[in-house]
Amino acid sequence: MRVLVVEDERNLADAIARGLRKRGMAVDVAYDGDAGHEAAFVTRYDVVVLDRDLPGVHGDQICADLAASGALTRVLMLTASGTVADRVEGLQLGADDYLPKPFAFDELVARVQALGRRATPAAPPVLELADLVLDPARRVATRAGVPVDLTNKEFGVLSELLKARGAVVSSEELLERVWDANTDPFTTIVRVTVMTLRRKLGDPPLIETVVGAGYRTAEVVQ
């Protein structure tokens, strides 16, 4: 899941980003409204965690522009004001959810995860291919009933490939969906991650390379 955090309180923004990354999400951070507005329209994010009172472009404007664009991006609006009137106004601007400060971090994570599920075409809660089972909610992977120890990036790549249901997913798409903006676009990290993932998953192979196009899940004869 790709997330943008737009928050001018740097310590809070960095803390949110660190926590979401520990949950396996790819997270970018913008510390003002101008940078946040630009980032939100350059990259397709699943969720934008958006402070309402921002310097530069106001959070309300970013929210309204995202809603007007028709993007699938979901917006979780944060604000120091938690009155009913403020929540209603935020939702009317196009926010998908609203969380007053201070908040419990576990609640923010749960809300981001719930919004992320709404930002992409519906996928089953548990992803399966042959004897492989991937449970994104619990971040557990098993093959033939045996746990497979995956890093966050390996888990993210495998999840994207399984959700594609046999369609080809390019390296660029995987880089955009699983890594953040600090990653070198010319890196070989996707190829290396897929190679390690194949080794961990074992035989018969579940991921195949489509030369010049990307990767897809393999058809496995039971």
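Definitions and limits used
Residues numbered from 1 in each chain as written. Predicted model: local features only at pLDDT ≥ 70, side-chain atom pairs only at ≥ 80, totals over all residues. Heavy atoms only, no water. Phe/Tyr/Trp six-rings, centres within 6.5 Å; stacked < 30°, edge-to-face > 60°. Lys NZ or Arg CZ within 6 Å of the ring centre and 35° of its normal. Core = buried A, V, L, I, M, F, W, Y, C linked by side-chain atoms within 4.5 Å. Buried < 20%, exposed > 50% of the residue type's maximum accessible area, 1.4 Å probe, protein only. Helix = DSSP H or I, 4+ residues; strand = E, 2+ residues; numbered from the N terminus. Contact = heavy atoms within 4.5 Å.

Asks: Describe the packing of aromatic side chains, listing the residues and the values that go with them.
Replies: Across all of its chains, the model carries zero aromatic pairs by this definition. Above the face of the Tyr 31 ring, Arg 10 is positioned so that its terminal group lies 3.9 Å from the ring centre. A cation over a ring is seen here: Arg 139 above Phe 155, with NZ or CZ 4.3 Å from the ring centre.

Asks: Which residues make up the nonpolar core, and what values go with them?
Replies: In terms of nonpolar packing, the biggest core is built from 24 residues, with Leu 134, Leu 150, Val 157, Leu 158, Leu 201 and Ile 207 touching the most fellow members. Breaking this core down by element, the ones donating at least two residues are β6 (127-129), β7 (132-135), α6 (152-163), α7 (171-178) and α8 (189-201). Here this core gets five residues from one element, more than from any other, and that element is α6. Not counting the four nearest positions on each side in its chain, Leu 201 is found in contact with Leu 132, Arg 143, Val 148, Leu 158, Leu 206 and Ile 207. If you look at the next biggest cluster of nonpolar residues, it comprises 18 residues, including Leu 20, Met 25, Leu 108 and Val 109.

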